[in-house]
Each structure stands twice: as C-alpha cells, then as structure tokens.
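An overview of the molecular structure
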Amino acid sequence: MFLHLKNLLSAEEVAQARALLSADAPWVDGRTSAGAQALAHKRNEQLAQGSEQAGTLRALVLAALQRDALFFSAALPRKIFNPLFNRYSGATNFYGAHIDGAVLRSQATGEWVRSDLSCTVFLSDPEDYDGGELLIAQPAGEQRVKLPAGDAILYPGSTVHQVTPVSRGARIASFFWVQSMVRSTEQRELLFTMDMDLLRLRQQLGEADPAVVGLTGTYHNLLRMWADA
Ligand code: NI
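Residues numbered from 1 in each chain as written. Predicted model: local features only at pLDDT ≥ 70, side-chain atom pairs only at ≥ 80, totals over all residues. Heavy atoms only, no water.

**Some details on the pairing of strand S16 (residues 171-180)**
- Within S16, 10 of the 10 residues are buried, which leaves the element mostly enclosed by the surrounding structure.
- In this sheet, S16 lies alongside strand S5 (residues 77-88) in antiparallel orientation, the contact comprising nine bridges. Among the inter-strand pairings, leucine 84 is bridged to a residue of S16, identified as phenylalanine 175.
- Pairing of strand S9 (residues 117-122) with S16 involves six bridges; the strand directions are antiparallel. Residue pairing in the sheet places leucine 117 in a bridge with valine 178 of S16. (Buried < 20%, exposed > 50% of the residue type's maximum accessible area, 1.4 Å probe, protein only. Helix = DSSP H or I, 4+ residues; strand = E, 2+ residues; numbered from the N terminus. Pairing = 2+ DSSP bridges.)

Encoded structure:
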C-alpha cells in the first residue's frame, strides 16, 4: 500500500521541527544506524537519538500520528519504531538502493519492532532542494516521491528503496517503521478499503442505517479475526 498522508504535520509543527533541526543540531553520521549491506552506499546525517531535540521531535511526530484517522485505518499500528530524523545535503547527500531490516530495535524504548510499513515525513519544502527523491521499486515500475513539507508517505516495509542525491539545498525528513496489528498486507488493505467505503456509506445513509450498522459489525469482526493487539 502506498498512502499519501496530506498535512500530517501543521505548518506550525513543520516550522517548530525545522527550528529544532537547524545546522547546529546534534547531527551524526547516518552510517551508525545502517546494516552491513547499507553501509557502503549510505551517505547522510541523522539526529543523535539521545538528544533533547530528538525527544521533543519524536513526541511531535507521534502526537500527529495519534490524531490522524487515515494513518490509523491504513496502518492499524501495534507498535511504532520511534521516529528518527535525517538530513541529506552537501557531501552527505544520498542513500543507495537498500531494503530496511525486518526487525529493528528501538534505542528509545528498547523494544523490537517488525517493519511491516515504512513512513517518511517530509520536513523541507520541495522547492528548497534539488534531487532527494524517495524512489520505491515496484513490479509496475518505480514510484518517485517528493512531497510538500508536512506530508508523509506510507509504503510497504518489504520494498527496495533509495534516496537520490541532493544536489542543492538540504532535505530534512522524519522516518519510522510501523508494526501492524494485522501482519498480512492483503488483509490490512482489504480492511482499509472497507473502512473507507464505510465512511462514504455513513455519510450517505447515516450512522443508524441497518446496513451501515451491519457492515460496520462485519468490519470489526474481520479485524477481531485478524488483529493481534
Ligand atoms: Ni530505508
């Protein structure tokens, strides 16, 4: 599933995030968090996880996810690997094709998280940098993603992806992984489609319509059958 989450962060939150991710923030070499395969072709910077800025920014992104109903419906999150922050600019400006680890241990919580879904939240305006596209390999061809600041893309954790070199300006983003209550992509997508259709039906027929009540029950019974809470 590819889902574009528009305005996940408000303009004020983007401004707050950018202020905390200024040039004098504690940026460290991004290779410290890469697996062996990724090491050779990862050149970016990441915000030091233990820093005060990282703590404030993690809370900001998690709060935004909490209030986003579309994110909840699509991801059915069980665990979120704490949001991290990276910067592509200057000589540290790309991340070649790679696949993310299947299970990751969060430094902040010490928990293991299975990466069913990946998410990137764009924090820089697309006009402020050249390159820096997120390229996600798909059987039908590559998806090229470069979104407005505050928007996010949710995509399958199983995909090979890369960030193309930034040749001007800086690309700042947040990224994290989600372990879903519903492990199967097929089942999760079916539930999401049904939930979106139910939303439309409720608007057309009202909450109390017997068919709406019945189908809402079916949605929840499918979720009960498939979810691991
Ligand atoms: Ni990755």
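**Quick word on the environment of glutamate 189**
- Take glutamate 189: it is sitting in helix H5 (residues 185-205).
- Under the relative-accessibility criterion, glutamate 189 is labelled partly exposed at 29%.
- In this structure, the C-alpha to C-alpha distance between glutamate 189 and proline 210, residues 21 residues apart in sequence, is 25 Å.
- There is a polar contact of 2.8 Å between the side chain of glutamate 189 and the backbone nitrogen of methionine 1. (Polar contact = N/O pair within 3.5 Å; in protein donor to acceptor, adjacent residues only side chain to side chain.)

**What about the coordination of the nickel ion?**
- Coordination sphere of the nickel ion, protein contribution only: His98 (NE2), Asp100 (OD) and His161 (NE2), at 2.1 to 2.2 Å.
- Expressed as a motif, the donor residue spacing for the nickel ion is H-x1-D-x60-H. One end of the pair, aspartate 100, is in the loop between strand S6 (94-98) and strand S7 (103-105); the other, histidine 161, is in strand S14 (residues 161-163), and 61 residues separate them in sequence. This pair shows no difference in class: aspartate 100 is buried, exactly as histidine 161 is. (Donors = N, O, S within 2.8 Å, 3.2 Å for Na, K, Ca; no water.)

**Describing the sheet that holds strand S1 (residues 3-5)**
- Taking strand neighbours across the sheet as the criterion, the seven strands line up as S1-S13-S9-S16-S5-S4-S2 in an open arrangement whose pairing is antiparallel. With partners counted over all chains shown, the strands left at the sheet margins are S1 and strand S2 (27-29), one partner each. Neighbouring strand axes in the sheet, compared pairwise and without regard to direction, differ in orientation by 30° on average.
- Pairing analysis gives three bridges linking S2 to strand S4 (residues 45-47), with the strands arranged antiparallel. Among the inter-strand pairings, aspartate 29 is bridged to a residue of S4, identified as glutamate 45.
- On top of the sheet, helix H3 (residues 52-66) reaches S4, S5 and S16; it is set at about 130° to S5, its chief contact. (Axes fitted to C-alpha atoms, helices over the stretch in contact; angles between N-to-C directions. Contact = heavy atoms within 4.5 Å.)

**So, the side chain of threonine 164**
- Mapped onto the fold, threonine 164 is located in the loop between S14 and strand S15 (166-169).
- Apart from residues lying up to four places away in sequence, threonine 164 is in contact with Asn93, Phe94, Gly131, Gly132, Glu133 and Leu135.

**Observations regarding the sheet that holds strand S12 (residues 143-145)**
- Read across the sheet, five strands follow the order S3-S6-S14-S11-S12 without closing on themselves; strand pairing throughout is antiparallel. The sheet terminates laterally at strand S3 (42-43) and S12, the two strands that pair on one side only.
- Pairing of S6 with S14, which is carried by two bridges, proceeds in the antiparallel orientation. Its bridge partner being in S14, histidine 98 is matched across the sheet by histidine 161.

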